[in-house]
Amino acid sequence: MRFSINIPNFGDFADPRNVATVAAAAEQAGWEGLFVWDHVLHRRHQGRPFGDPWMLLTAAALATSRLRLGTLLTPVPRYRPQQLARQVATLDQLSGGRVIFAAGLGGPVEDEYRSFGDTAEPPVLAERLDEGLELLTRFWSGEPVNHRGKHYEVRDVTLLPATAQRPRPPVWIGGFWPRRAPMRRAARWDGAVPLFESALHGHVPDVAEVRELVGFVRANRPADTEGAFEFVLGGATPPDAAKARDLVGPLRDAGATWWDERQDQDGPDLHRLEPVLRRVEAGPPVV
């Protein structure tokens, strides 16, 4: 099992210098990944400053040498694919191939889409997500791209540089379990980053639900798929090492390959540097 730190892109973490501080401390303390949220608007947190996640991750990349970096998660339908491909490839080159790309519809959809005059219909956003992911992988190759789809058109475009990782960075897909469609999508890529309707951000999921999810994804993996597949779970672990082990260990045994340490989304410390830094410096759980 590998271990990461998860922070929002607002509050204290809107400042790239604070994100660089967390990243450097995480690498020193033995964490293996740092993931930031990707929001332009979240009305629950309106009034706080927000930072661009790719700028924040650039600061983290410059402050570290081994830490894996990415967003959890990027709402691909909110972006133009060519813009997003440039941002990810630039970060992957800068970091020496340390980017993990996590994707989904994002949300709240009313905040992130309809507030700016865009559609918030999930079936349409899902179409744009799938078509956008296909385009991203082709743009990252550094090869010429021609595409005419339902939502996007590309005419003889080559985007350089290609990503440092070949053929592309790992792609993880998020979604709420027990909704099946997002996890069917995840099964076609490199990892699943589920939230649970019974355990929202910062809350530890039930082991039985995790086993059900892992079994579902494995059953839906294409037969010719090669390479490792990641199951990324998260929550807030207690400071007591034995209690943390008892919490995370059964999830590892159920199939989880990453533990993503997260603050309670309704808690007072979600966006504050000092308590997050204290947890980072204490190091990852030992299981």
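Residues numbered from 1 in each chain as written. Predicted model: local features only at pLDDT ≥ 70, side-chain atom pairs only at ≥ 80, totals over all residues. Heavy atoms only, no water.

1. A closer look at the overall build of the chain
Link 1 in the chain: The helix and strand inventory of the chain stands at nine helices and ten strands.
Link 2 in the chain: Its C-alpha radius of gyration of 18 Å places the chain within 12% of the 19 Å reference for a compact globule of 287 residues.
Link 3 in the chain: By its C-alpha atoms, the chain is 55 × 40 × 35 Å across when sized along the principal axes.
Link 4 in the chain: The 287 residues of the chain split such that 53% are buried.
Link 5 in the chain: Of the side-chain charges in the chain, 34 are positive and 37 negative, and the distance between the mean point of each set is 2 Å. (Helix = DSSP H or I, 4+ residues; strand = E, 2+ residues; numbered from the N terminus. Rg over C-alpha atoms; globule rule 2.2 N^0.38 Å. Buried < 20%, exposed > 50% of the residue type's maximum accessible area, 1.4 Å probe, protein only. Lys, Arg positive; Asp, Glu negative; His and termini not counted. Charge placed at Lys NZ, Arg CZ, Asp CG, Glu CD.)

2. Notes on the pairing of strand β1 (residues 2–7)
Link 1 in the chain: Summarising burial for β1: five of the six residues are buried, a large majority.
Link 2 in the chain: Relative to strand β10 (residues 258–261), β1 runs parallel, the two being bridged by four bridges. Residue pairing in the sheet places I5 in a bridge with E261 of β10.
Link 3 in the chain: One ladder, built from four bridges, connects β1 with strand β2 (residues 33–36); its direction is parallel. If you follow I5 over to β2, its bridge partner there is L34.
Link 4 in the chain: Between the parallel pair β1 and β2, the chain is carried across by helix α1 (residues 16–29), and the sense of this crossover is right-handed. (Pairing = 2+ DSSP bridges. Right-handed = clockwise from strand over helix to strand, strands pointing away.)

3. Let's talk about the packing of aromatic side chains
Ring pairs (aromatic) are described by centroid distance and by the angle formed between their planes.
Link 1 in the chain: Overall, the coordinates contain eight aromatic pairs when judged by the stated rule.
Link 2 in the chain: Aromatic side chains F10 and W37 sit 5.5 Å apart centroid to centroid with 80 degrees between the ring planes, which places their arrangement in the edge-to-face category. Separated by 27 residues along the polypeptide, F10 in the loop between β1 and α1 and W37 in the loop between β2 and α2 (53–62) bring together distant segments of the chain.
Link 3 in the chain: Site record: aromatic cluster; members linked through ring pairs are F10, W37 and F50.
Link 4 in the chain: A cation over a ring is seen here: R180 above F216, with NZ or CZ 5.3 Å from the ring centre. (Phe/Tyr/Trp six-rings, centres within 6.5 Å; stacked < 30°, edge-to-face > 60°. Lys NZ or Arg CZ within 6 Å of the ring centre and 35° of its normal.)

4. Focus: the packing of α2 against helix α3 (residues 81–95)
Link 1 in the chain: At a minimum axis separation of 9 Å, α2 and α3 run at an interaxial angle of 10 degrees. In terms of orientation, α2 and α3 fall into the roughly parallel class. Counting all contacts with α2, which are made through W54, L57, T58, A61 and L62, the residues of α3 involved are L84, Q87, V88, L91, L94 and S95.
Link 2 in the chain: For the contact of α2 with α3, the class distribution of residues is eight nonpolar, three polar and no charged. (Axes fitted to C-alpha atoms, helices over the stretch in contact; angles between N-to-C directions. Parallel < 35°, antiparallel > 145°, perpendicular 65-115°, else oblique. Contact = heavy atoms within 4.5 Å. Nonpolar A, V, L, I, M, F, W, Y, C, P; charged D, E, K, R; others polar.)

5. Examining the nonpolar core
Link 1 in the chain: Formed by 66 residues in total, the largest nonpolar core has its most connected members in L34, F101 and L133.
Link 2 in the chain: When residues of this core are assigned to their parent elements, the largest contribution, six residues, is made by helix α5 (residues 122–140).
Link 3 in the chain: Beyond its immediate stretch of four places on either side in the chain, L34 contacts S4, I5, I7, V19, V22, A23, L57, A60, L67, R68, L69 and G70.
Link 4 in the chain: Within the second largest apolar cluster, nine residues are counted, among which are L72, L73, V193 and V232. (Core = buried A, V, L, I, M, F, W, Y, C linked by side-chain atoms within 4.5 Å.)

6. Some points on unusual backbone geometry
Link 1 in the chain: For the bond from L72 to L73, the omega torsion is -10 degrees, close enough to zero to count as cis.
Link 2 in the chain: Positionally, L73 belongs in strand β3 (residues 68–75).
Link 3 in the chain: Residue P178 follows W177 across a cis peptide bond; omega there is 20 degrees.
Link 4 in the chain: Structurally, P178 is set in the loop between β7 (171–177) and α6 (180–187).

7. Here's the deal with empty space enclosed by the protein
Link 1 in the chain: Counted under the stated rule, the structure contains two cavities of 30 Å³ or more.
Link 2 in the chain: Space inside the largest cavity adds up to approximately 40 Å³.
Link 3 in the chain: Around the largest cavity, the lining residues are A85, R86, A89, T90, F139, W140, L159 and P161.
Link 4 in the chain: Mapped by element, the contributors of at least two residues to the lining of the largest cavity are α3 and α5.
Link 5 in the chain: By residue class, the composition of the lining of the largest cavity is six nonpolar, one polar and one charged.
Link 6 in the chain: Considering the residues around the second largest cavity, the lining is formed by P194, L195, F196, A199, L200, H203, P205, L233, G234 and R262.
Link 7 in the chain: Elements that contribute at least two residues to the lining of the second largest cavity include exactly β8 (191–196) and β9 (230–235).
Link 8 in the chain: Split into classes, the residues belonging to the lining of the second largest cavity amount to seven nonpolar, two polar and one charged. (1 Å grid on protein atoms, 1.4 Å probe; cavity = no way out; pocket = protein on both sides within 12 Å on 5 of 7 lines; lining within 4 Å. Points joined across faces, edges and corners; volume = space filled by probe spheres on them.)

8. With respect to the sheet that holds β3
Link 1 in the chain: Pairing is parallel in the closed barrel, where eight strands are placed in the order β1-β2-β3-β4-β7-β8-β9-β10. Here the average twist between neighbouring strands, direction ignored, is 25 degrees.
Link 2 in the chain: In this sheet, β7 lies alongside strand β4 (residues 99–104) in parallel orientation, the contact comprising three bridges. From the neighbouring strand, A102 faces β7, where its bridge partner is W172.

9. Details of the layout of surface pockets
Here the idea is plain: a probe the size of a water molecule rolls over the atoms and shows the empty space left.
Link 1 in the chain: Looking at the largest pocket, its volume works out to about 960 Å³.
Link 2 in the chain: Split into classes, the residues belonging to the lining of the largest pocket amount to 16 nonpolar, eleven polar and six charged.
Link 3 in the chain: For the second largest pocket, the calculated volume is near 190 Å³.
Link 4 in the chain: Of the residues belonging to the lining of the second largest pocket, the class tally is six nonpolar, two polar and eight charged.

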